[in-house]
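Analysis of the macromolecular model
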Amino acid sequence: MFESPLFWPAYIKKNVLYVLDETLVPGKLKYIPVKNVKGAVNVIRQMKTRAFGQFLVVLNTFLLEIQNEGRGLSPASQGDCSLQKHLQYVAHELNNSRPTFPFAEVTGIVIGSAQKARSEGKDVRIAVIKTIEGFLAGIRARRLQRVNEIAQALQDGDGILTHCNVSGELAMAASLARTEGKHVKFFATETRPYMQGAKLTVWEMQEAKVPVTLIPDNAVGSLMADGFVNKVIIGSDRSAANGDIANKIGSYQIAVLAREFRIPLIVLTQPSRGVASGADMPIEIRDADEFLVFNGKRIFPPKVKGFYPGFDVVPYQLITKAIAIHAGL
Amino acid sequence: MPDYKVRSITLLQGLFSSEALQKMKFAKNSHVFVCEGRPTLEAGRKTTQALLKKGTTPTIISDNMAGFLFFKGLVKEVIIACQLADNTGALCDTGALILSVLARKHKVPLKLLAAEPRSRFLGDPKLLLSFEGQRMAPQGTQAYVPLVEWVEAKYLRKI
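Since we're looking at a predicted model, the values are computed, not measured. (Residues numbered from 1 in each chain as written. Chains lettered and ligands numbered in written order. Predicted model: local features only at pLDDT ≥ 70, side-chain atom pairs only at ≥ 80, totals over all residues.)

Describing the overall build of chain B
Counting its regular elements, chain B contains five helices and ten strands. Its C-alpha atoms give chain B a radius of gyration of 16 Å, near enough to 15 Å, the size a compact globule of 159 residues would have. Along the longest, intermediate and shortest principal axes, the C-alpha atoms of chain B span 45 × 40 × 30 Å. Across the 159 residues in chain B, those meeting the buried criterion constitute 49%. Of the contacts formed within chain B by residues at least 6 apart in sequence, a portion of 73% connects residues at least 24 apart. (Helix = DSSP H or I, 4+ residues; strand = E, 2+ residues; numbered from the N terminus. Rg over C-alpha atoms; globule rule 2.2 N^0.38 Å. Buried ≥ 20, exposed ≤ 12 C-beta atoms within 10 Å, placed from the backbone. Contact = placed C-beta atoms within 7 Å.)

Here's what the structure looks like:
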């Protein structure tokens, strides 16, 4: 099966965590070497990685810091107690990297496993490594299973609108559907201001040999009104207990339009009971210069202000179907 | 999150005629937000320049950020650029349909003002493949750039 590099965009090799720099795709496939938690926080904050990549970076950063500790490169001194303290520091730094993604729920799994091992008199280092490695293997298997489920949801003749990028799964599902003889075509929103649709989704659909057409974010209504799409599929960065999700800015208006034009909205989710509803999810407001300035040059007149919310909440009432993987969050 | 008050934002979308921009008036306490208008950004640039000349400091947003403002209950009125209108609806600059549907859902009044007349209804796909002259999408990308869209009258009633 075709596997997109965006499906698993970070890995550890010889004490270094390599993170795919998604801001350079499709021009280059370059992996940023990350050596400690500080580097990990930087790649997250600078949006070099996002969505599922963040999840991988978080878990691998713990493995990296444990390796560093073993090599005497970590501030933690010897012993389970100090290792646990250091892991808590790593969790704290990652939790405060960006506000919307549920970092604390992911780091909580690692800290919980360290605490449990210590209370049971087991080796914290071994227990945490085992937990993370098991968790990563499980997530990979469940994501591959979800690729199959998405492919099953695709029907011959479908025109599918997607927004931003869903970390490889959609392109892989589309590729699979085509091998099953289903002719499906995709429309990808450009996804300003970082243009993940134009740069990532279009690229990986092309790599998967799936027909894809790029549209501006403002053409979603036209596309739906003119009958070009009969399904919308998007990812999600976070889920609430009531089924609300947070996803890339632009998702809410797409969901409202889909409901208006009676087009089913399918969302790929990671269910969590961490927050009760979308209202409890902190929405990241990023620096407006990220879209007012391009390549060091201001693209709108001086004095014009900008406003850049990074995410939308989509209420569960607008979601037709969720295809979930239970990540244990 | 900036401390915008509920229903304090006037949201502008599309490439307005110079005359429409000159005549535009806003309540004193309203914040004026302008959709950038991909792919050319001409709408965002022309509108913000005109507003600055009139002494209004606008805030620009990407076209996909309008929904957030509605969801938060911040939008008090929407003004969109219209090429022509009759009893069945209006031909507006692309993006108008999104704002019209959102305005109806959130019970926000919507006004139509004259757009800069367009000679083409479809934009050059190449415009969308690049941003400010720099290639974004991979080689061989197909793009669809409608410049205008029909907004049915049901979305324009009670304005």
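Observations concerning the packing of helix α2 (residues 52–70) of chain A against helix α5 (residues 124–153) of chain A
All names here are of chain A. Viewed as axis vectors pointing N to C, α2 and α5 meet at an angle of 150°, and their least axial separation amounts to 10 Å. As far as their axial angle goes, α5 and α2 are roughly antiparallel. Between α2 and α5 the crossing geometry is left-handed. For the pair α2 and α5, contact is made by Leu 59, Phe 62, Leu 63 and Ile 66 and by Arg 125, Val 128, Ile 129, Ile 132, Phe 135 and Leu 136, respectively. Among the residues forming the contact of α2 with α5, the class breakdown is nine nonpolar, no polar and one charged. (Axes fitted to C-alpha atoms, helices over the stretch in contact; angles between N-to-C directions. Parallel < 35°, antiparallel > 145°, perpendicular 65-115°, else oblique. Left-handed = near helix turned anticlockwise from the far one by under 90°. Nonpolar A, V, L, I, M, F, W, Y, C, P; charged D, E, K, R; others polar.)

A short note on the interface of chain B and chain A
With 45 residues of chain B in contact, the opposing surface of chain A contributes 44 residues. Within the residue set of the side of chain B that touches chain A, elements represented by two or more residues are α2 (42–53), β3 (59–61), α3 (66–71), α4 (96–105) and β9 (142–143) of chain B.

Some details on the sheet that holds strand β9 (residues 245–248) of chain A
Residues and elements named next belong to chain A. On the basis of which strands lie adjacent, the open sheet formed by three strands has the order β8-β9-β16 and antiparallel pairing. On the outer flanks of this sheet lie β8 (238–239) and β16 (311–314), each paired with one strand and no other. Judged from the two bridges that link them, β8 and β9 form a sheet pairing that is antiparallel. From the neighbouring strand, Ser 239 faces β9, where its bridge partner is Ile 245. Sheet strands in contact with helix α9 (residues 251–260) are β9 and β16, and its direction is about 35° off that of β16. (Pairing = 2+ DSSP bridges.)

Observations regarding the pairing of strand β10 (residues 265–269) of chain A
Here is the key point about a regular strand: its side chains alternate between the two faces of the sheet. Residues and elements named next belong to chain A. By the criterion of burial, β10 is predominantly enclosed, with five of the five residues buried. Of the two faces of β10, the one carrying Leu 265, Val 267 and Thr 269 and the one carrying Ile 266 and Leu 268 are both buried. Inspection of the sheet shows strand β7 (residues 231–234) paired to β10 by three bridges, in the parallel sense. Looking across to β10, one finds that Ile 234 is bridged to Val 267. In the sheet, β10 pairs with strand β17 (residues 321–324) via four bridges, with the strands oriented parallel. The residue of β17 that forms the bridge with Leu 268 is Ile 323.

Quick notes on the domain arrangement of chain A
Residue and element names in this part refer to chain A. Taken domain by domain, chain A consists of domain 1 (10–141) and domain 2 (155–324). A separation of 27 Å is found between the C-alpha centroids of domain 1 and domain 2. When its residues are assigned to classes, the side of domain 1 that touches domain 2 shows eight nonpolar, two polar and three charged. (Domains from an automatic or database assignment.)

Section: unusual backbone geometry
Residue and element names in this part refer to chain A. Each neighbour pair has its own omega, and for Arg 192 with Pro 193 the value is 0°, a cis peptide bond. Checked against the element boundaries, Pro 193 lands in the loop between β5 (185–189) and α7 (196–207). One non-glycine residue with positive phi stands out, namely Met 47, at about 60°. Judged by C-beta crowding, with 18 C-beta atoms within 10 Å, Met 47 ranks as partly exposed. One non-glycine residue, Arg 262, adopts positive backbone phi at about 55°. Along the chain, Arg 262 turns up in the loop between α9 and β10.

Brief notes about the environment of Leu113(B)
Residue and element names in this part refer to chain B. Along the chain, the position of Leu 113 falls in strand β6 (residues 110–114). It is 20 Å that separates the C-alpha atoms of Leu 113 and Lys 28, two residues lying 85 residues apart in sequence. Among residues more than four places away in sequence, those in contact with Leu 113 are Phe 16, Ala 20, Ile 79, Ala 81 and Cys 82.

Some words on the packing of α2(A) against helix α4 (residues 103–119) of chain A
Two quantities define a packed helix pair, namely the angle between the axes and the distance from one axis to the other. Residue and element names in this part refer to chain A. α4 packs onto α2 with a crossing angle of 30° between their chain directions and a minimal axis gap of 10 Å. With respect to α4, the element α2 is oriented roughly parallel. Here the hand of the crossing between α2 and α4 comes out right-handed. Contact with α2, carried on its side by Phe 55, Val 58, Leu 59 and Phe 62, involves Phe 103, Val 106, Thr 107 and Val 110 of α4 and no other residues of that element. Tallied by class, the residues present in the contact of α2 with α4 amount to seven nonpolar, one polar and no charged.

What about the nonpolar core?
Ala174(A), Val232(A), Ala66(B), Leu69(B) and Ile80(B) are the most contacted members of the largest nonpolar core, which totals 116 residues. Ranked by the residues each element gives to this core, the list is headed by α4(B), at seven residues. Contacts of Ile80(B), omitting those with residues within four sequence positions, involve Gln13(B), Gly14(B), Cys92(B), Ala96(B), Leu99(B), Leu110(B) and Leu112(B). Counting residues in each nonpolar core, the second largest holds 34 residues, with Ala51(A), Val58(A), Leu64(A) and Val110(A) among its members. (Core = buried A, V, L, I, M, F, W, Y, C linked by C-beta atoms within 7 Å.)

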